[in-house]
Amino acid sequence: MVDRVMQAVDELWDAEVQFLQGLVRRPSTLHHEAEIQNWIAREMAEMGLEVDRWEIAPGALKSLPGYSPVEWSYHGRPNLVGTLRGSGGGKSLLLNGHVDVVSAEPVHFWSHDPWGGEIVDGRMYGGGSADMKSGIAAMIFAVKALQRAGVRLKGDVFLNTVIEEECTGAGALSTIARGYRADAVVIPEPFGQTALISQVGVLWARVTVRGAGAHARSASAATNAILKAMPLLQAVKELEAEVNRPEVKPAVWQDIPHPINYNIGQFHAGDWTSTVPAEAVFEVRIGTYPGENLEEVKARFRDRIMEAARRDPWLRDHLPDVMFYAFHAEGADFDPNQEIFAALAAAHQEVTGTPIRQEVTTATTDARFFQLYQGVQTTCYGPSGDNLHAADEWVDLESVRSVTKVLARLMMDWCGAEV
């Protein structure tokens with residue numbers, strides 16, 4: 001039975017590659033996820049799955065743990081679950097993947113079409129090719145291989161594709177709010193076929209700095225908001241260095257040289273070269289260790305910004321505004337002694353012939369929701385790739401095939417299989 005399933009993955013491989021290209025060729029940046037979700041829903045329906053498609057209702061998640069506040073609407077941006085019903089008597093498994101991808105700008109840095117799904121030397125290039133449309137293709141085609149091989153699972157399998165993993169996790173949270181729960185969750189994030197055991201938390205901060213605008217002819221007498229932002233940016237990097245000191249790292253993070261990143265990801269100021277900018281706004285992605293209180297992290301960041309501001313005569317009288325929006329993601333640990341890790345390790349060993357390795361990531365994933373707020377054993381395991389969130393992102397296609405086989409084998413073992 002196992003041999004038939006592995007053979008089915010190989011027989012479906014060309015179709016899987018084409019499906020992954022179809023995913024990449026549907027740009028699904030923030031607010032533009034509907035087309036790809038509708039396309040996946042049609043694929044699931046053709047597979048005979050029970051398809052549930054819904055939008056997040058305004059205010060529906062605000063009272064739930066793990067909620068991240070937003071400044072936008074969820075209208076026209078569906079989440080999706082395709083359910084493969086088991087025959088009964090087996091454990092259930094939820095496979096989760098996010099369809100949202102980050103911007104490909106500046107596109108002139110790319111040597112491949114960012115939305116082309118081009119294949120060169122065994123790699124597929126494109127925005128989201130690795131992160132994480134490859135994982136979505138793997139989980140869907142793992143189910144297809146089981147179906148092709150005539151294998152029926154005893155436990156239910158839920159294929160869950162969601163929005164906003166890259167900024168809030170609202171899609172995964174809404175899956176929980178919708179009532180979905182499984183005995184285990186695996187998310188095929190592109191971690192090079194390793195099992196995730198810990199991830200950081202993430203906050204997004206926005207700092208608004210006020211200056212005093214003027215015509216450039218009077219620049220020497222005006223107050224340039226860009227220049228006033230500079231000591232605040234320096235304060236951010238000084239705080240980042242402090243939270244990465246070895247003595248404050250939890251044990252599992254000791255071998256990671258720089259686990260906590262305070263990434264200054266956006267800076268906006270001015271709209272005319274001959275005008276002194278009266279306002280500057282910068283945004284920071286703040287990492288946190290598992291177990292850290294997010295409100296305390298926010299207070300520490302705000303206090304450091306204000307301390308730096310008070311050292312400047314202008315800023316002392318015109319204090320910057322610090323606010324937090326979108327990501328309010330707690331860090332999370334995933335116990336490698338849980339049953340799903342043993343099952344995943346066995347499937348990985350059987351398919352690859354090598355022991356599985358464990359991963360500690362300085363990124364966040366939607367895995368936190370299922371582990372922290374449902375108490376469901378969870379990990380991530382997915383393909384290999386590189387240049388995530390950057391030009392020429394790519395995924396190794398043979399790793400996608402391998403992950404597809406591992407997930408199929410995992411479902412047989414975890415859920416129980418019969419002809």
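What you see is a predicted model, and the numbers here were worked out from it, not measured in a lab.

Rules and cut-offs
- Residues numbered from 1 in each chain as written.
- Predicted model: local features only at pLDDT ≥ 70, side-chain atom pairs only at ≥ 80, totals over all residues.
- Heavy atoms only, no water.
- Salt bridge = Lys/Arg side-chain N within 4 Å of Asp/Glu carboxyl O.
- Helix = DSSP H or I, 4+ residues; strand = E, 2+ residues; numbered from the N terminus.
- Buried < 20%, exposed > 50% of the residue type's maximum accessible area, 1.4 Å probe, protein only.
- Lys, Arg positive; Asp, Glu negative; His and termini not counted.
- Contact = heavy atoms within 4.5 Å.
- 1 Å grid on protein atoms, 1.4 Å probe; cavity = no way out; pocket = protein on both sides within 12 Å on 5 of 7 lines; lining within 4 Å.
- Points joined across faces, edges and corners; volume = space filled by probe spheres on them.
- Nonpolar A, V, L, I, M, F, W, Y, C, P; charged D, E, K, R; others polar.
- Expected span 1.5 Å × (residues − 1).
- Polar contact = N/O pair within 3.5 Å; in protein donor to acceptor, adjacent residues only side chain to side chain.
- Pairing = 2+ DSSP bridges.
- Axes fitted to C-alpha atoms, helices over the stretch in contact; angles between N-to-C directions.
- Core = buried A, V, L, I, M, F, W, Y, C linked by side-chain atoms within 4.5 Å.

Enquirer: I'd like to hear about the pattern of salt bridges, residue by residue, with values.
Expert: Taken as a whole and judged by the stated rule, the model has 22 salt bridges. Taking the shortest distance from any N to any O, the salt bridge between Arg178 and Asp52 comes out at 2.8 Å. Linking Arg178 in the loop between helix 5 (170-177) and strand 8 (184-187) with Asp52 in strand 1 (residues 50-54), this pair joins segments that are 126 residues apart in sequence. Asp52 gets classed as buried once you look at its relative accessible area, which sits at 18%. A salt bridge links Glu350 to Arg409, with the shortest nitrogen-to-oxygen separation between them at 3.0 Å.

Enquirer: For the side chain of Asp366, give the residues involved together with the corresponding values.
Expert: Residue placement: Asp366 occurs in the loop between strand 17 (357-361) and helix 10 (367-373). Despite its burial, Asp366 pairs with no opposite charge; the closest candidate is Arg368, at 4.1 Å N-O. Leave out the neighbours within four places in its chain, and Asp366 touches Asn96, Val162, Glu165, Gly169, Ala172 and Ile187.

Enquirer: So what's going on with the layout of surface pockets? Which residues, and what values?
Expert: Within this model, the largest pocket holds a volume of roughly 1,200 Å³. In terms of lining, the largest pocket is formed by 37 residues, of which the most central are Val102, Glu166, Trp204, Asn263 and His389. Those elements that place two or more of their residues in the lining of the largest pocket are strand 10 (201-210), strand 12 (262-269) and strand 14 (279-288). In this structure, the second largest pocket occupies an estimated 190 Å³ of space. Looking at the second largest pocket, it is lined by 14 residues, and the ones nearest its centre are Ala57, Pro58, Gly59, Trp72 and Tyr74. For the lining of the second largest pocket, the class distribution of residues is nine nonpolar, three polar and two charged.

Enquirer: Could you give an account of helix 7 (residues 294-310), with specific residues and numbers?
Expert: Over its 17 residues, helix 7 extends 24 Å from the first C-alpha to the last, a length consistent with the 24 Å expected when each residue adds 1.5 Å. Taken together, the buried positions of helix 7 are occupied by Leu294, Val297, Lys298, Phe301, Arg304, Ile305, Met306, Ala308 and Ala309. Elements in contact with the buried residues of helix 7: strand 10, helix 6 (225-243), strand 12, strand 14, helix 8 (313-317) and strand 15 (321-329). Of the residues flanking the start of helix 7, the one acting as N-cap is Asn293, its side-chain oxygen 2.8 Å from the backbone nitrogen of Glu295.

Enquirer: Explain the sheet that holds strand 3 (residues 93-98) to me, and be specific about the residues and the numbers.
Expert: One open sheet accounts for six strands, arranged 1-2-7-3-8-18; its pairing is mixed. Of all strands in the sheet, those bounded by a partner on one side alone are strand 1 and strand 18 (377-380). Shown here is a sheet whose adjacent strand axes are inclined to one another by a mean of 15 degrees, direction ignored.

Enquirer: Outline empty space enclosed by the protein, supporting the account with residue identities and numerical values.
Expert: Evaluated as defined, the whole model comprises one cavity of 30 Å³ or more. If you add up the space inside the largest cavity, you get close to 80 Å³. Lining the largest cavity, in full, are Val101, Val102, Ser103, Ala104, Trp110, Gly127, Gly128, Asp131, Glu166, His389, Ala390 and Glu393. Its residues placed into classes, the lining of the largest cavity shows five nonpolar, four polar and three charged.

Enquirer: Which residues make up the nonpolar core, and what values go with them?
Expert: Formed by 123 residues in total, the largest nonpolar core has its most connected members in Ile40, Leu93, Tyr262, Phe282 and Phe301. Contact partners of Tyr262, with chain neighbours within four places excluded, come to Val236, Lys237, Leu239, Glu240, Val243, Val284, Arg285, Ile286, Gly287, Val297, Arg300 and Phe301.

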